[in-house]
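Per-entry structural report
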Amino acid sequence: MPITSAPHPSGAAGDEGSPGRTAVVVLAGGSARRWGGRDKTAAVLAGRAVVLHVVDGARTVLGAGVPVVVVAPADHPAADGLAAAGARLVREDPPGGGPVAGLAAGLAALPADVDVVAVVAGDVPFGGPALGRTTRALRADRTLDAVLGEDPLGRRQPLLGAYRLAPLRAALAAAPVDGRSVRSVLDTLTVALAPVDTRESLDLDTPEDLAVAAALLDPR
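Quick look at the structure, then. (Residues numbered from 1 in each chain as written. Predicted model: local features only at pLDDT ≥ 70, side-chain atom pairs only at ≥ 80, totals over all residues. Heavy atoms only, no water.)

Comments concerning the overall build of the protein
- Counting its secondary structure elements, the protein contains seven helices and ten strands.
- The buried share of the protein, reckoned over its 220 residues, is 51%.
- Here the contacts in the protein between residues at least 6 apart in sequence split such that 73% fall between residues at least 24 apart.
- Per element, the accessible surface of the protein, about 9700 Å² overall, is 56% carbon and sulfur. (Helix = DSSP H or I, 4+ residues; strand = E, 2+ residues; numbered from the N terminus. Buried < 20%, exposed > 50% of the residue type's maximum accessible area, 1.4 Å probe, protein only. Contact = heavy atoms within 4.5 Å. Areas by Shrake-Rupley, 256 points an atom, 1.4 Å probe, with all protein chains shown as cover.)

Here it is in C-alpha cells:
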C-alpha cells in the first residue's frame, strides 16, 4: 500500500485515545452542470435516489447503526427518504462553498464518540465495499491519518476513503474552507492508498454514467 508522508497537524495519529465509532459523511451538495441543472444525487437508479444507494451501501459494509450525515440542501428531493433511513441532513456554510466546506459541515454534525469518518461523494452508488476496505486499513495502522481509494487508472479518490477525525479536523481548521481545494487538506495529512475497482469508483458525472450504473445492477 503506497504511503505519502506529511506532518501530523495534531501531533500523532493516536492522540485521540481509545477507539471510538466510525461514521459516514456523504457529500451531496455540489453542482451538476453536465446534468443540465438536475441534482445527480437525486437521479433515480433502480427506483431509488442515487444518494440512498450510497447510504445503503455504506451501512451494508460498516453496520446498520453507523451514524450517517448527508451534506445537501434541505429541500433535496430525497430528503424524506434520507430522514426515513435515519441519516442527518446538513448544509455546508456557505451554501455552494465546495467539498471542503461540505466536509467541515459534515464533521461538525458527527456524534462525540466518533474517531474515524468514511467520506463518500453522493453520486458514487457502489462505493460501500471501498469504504469498508479503507476503514479497515486505517484502523489497522495508527500512523496514518487517512486511507483513500485508488482507482484502476491510478487516481486517488479523496471522496472515497476513510479519515481519522482529529487530524482531519485540524487540517480543516488551518485555513478558511470556502472554495478551498481538497488537495490542500490532503497535503497536511499522512495518507495511504487502497485499490478500488471500476464499479466501486464509478461516479455519475453524466446521465450516461447513470445508464452504466443501471446496467451494472441489472446486466440482462
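Let's talk about the packing of helix H1 (residues 50–62) against helix H4 (residues 128–140)
- For the pair H1 and H4, the least separation of the axes is 7 Å and the interaxial angle reads 40°. Here H1 is positioned oblique relative to H4, judged by the angle of their axes. Judged by the twist between their axes, the crossing of H1 over H4 is right-handed. Counting all contacts with H1, which are made through Gly 57, Ala 58, Val 61 and Leu 62, the residues of H4 involved are Gly 128, Pro 129, Leu 131, Gly 132 and Thr 135.
- When grouped by side-chain class, the residues that make up the contact of H1 with H4 number five nonpolar, four polar and no charged. (Axes fitted to C-alpha atoms, helices over the stretch in contact; angles between N-to-C directions. Parallel < 35°, antiparallel > 145°, perpendicular 65-115°, else oblique. Left-handed = near helix turned anticlockwise from the far one by under 90°. Nonpolar A, V, L, I, M, F, W, Y, C, P; charged D, E, K, R; others polar.)

A closer look at the nonpolar core
- In terms of nonpolar packing, the biggest core is built from 30 residues, with Val 25, Leu 107, Leu 110, Val 117, Tyr 163, Leu 168 and Leu 189 touching the most fellow members.
- Among the secondary structure elements, those contributing two or more residues to this core are strand E2 (21–27), strand E5 (68–71), helix H3 (99–108), strand E7 (114–121), strand E8 (146–150), helix H5 (165–173), helix H6 (182–186) and strand E10 (191–195).
- If you tally residues by element for this core, the top one is H3, at five residues.
- The residues contacting Leu 168, other than those within four sequence positions of it, are Leu 103, Leu 107, Val 117, Tyr 163, Val 185 and Leu 189.
- Formed by 24 residues, the second largest nonpolar core is a distinct cluster that contains Val 24, Val 68, Leu 82 and Val 124. (Core = buried A, V, L, I, M, F, W, Y, C linked by side-chain atoms within 4.5 Å.)

Remarks on H4
- For H4, built from 13 residues, the straight-helix expectation of 18 Å at 1.5 Å per residue is met to within 8% by its first-to-last C-alpha distance of 19 Å.
- Those residues of H4 not exposed but buried are Gly 128, Ala 130, Leu 131, Gly 132, Thr 134, Thr 135, Ala 137 and Leu 138.
- Considering only its buried residues, H4 is in contact with E2, H1, E7, E8, strand E9 (156–164) and E10. (Expected span 1.5 Å × (residues − 1).)

Focus: the packing of aromatic side chains
- Summed over the entire model, instances satisfying the criterion amount to zero aromatic pairs.
- Looking at Arg 199, its charged tip hangs above the ring of Phe 126, at a distance of 4.0 Å from the centre. (Phe/Tyr/Trp six-rings, centres within 6.5 Å; stacked < 30°, edge-to-face > 60°. Lys NZ or Arg CZ within 6 Å of the ring centre and 35° of its normal.)

Things to note about the packing of H3 against H5
- At a closest axis distance of 11 Å, the pairing of H3 and H5 adopts a crossing angle of 130°. In terms of axis orientation, H3 runs oblique to H5. You can see that H3 and H5 cross each other, and the crossing is left-handed. Facing H3, whose interface residues are Val 100, Leu 103, Ala 104 and Leu 107, H5 presents Leu 165, Leu 168, Arg 169 and Leu 172.
- Residue classes in the contact of H3 with H5 are distributed as seven nonpolar, no polar and one charged.

Observations concerning the side chain of Asp 209
- As for its position among the elements, Asp 209 is in helix H7 (residues 207–217).
- Judged by relative accessible area, which is 19%, Asp 209 ranks as buried.
- The contact partners of Asp 209, leaving out residues within four places of it in the chain, are Leu 202, Asp 203 and Leu 204.

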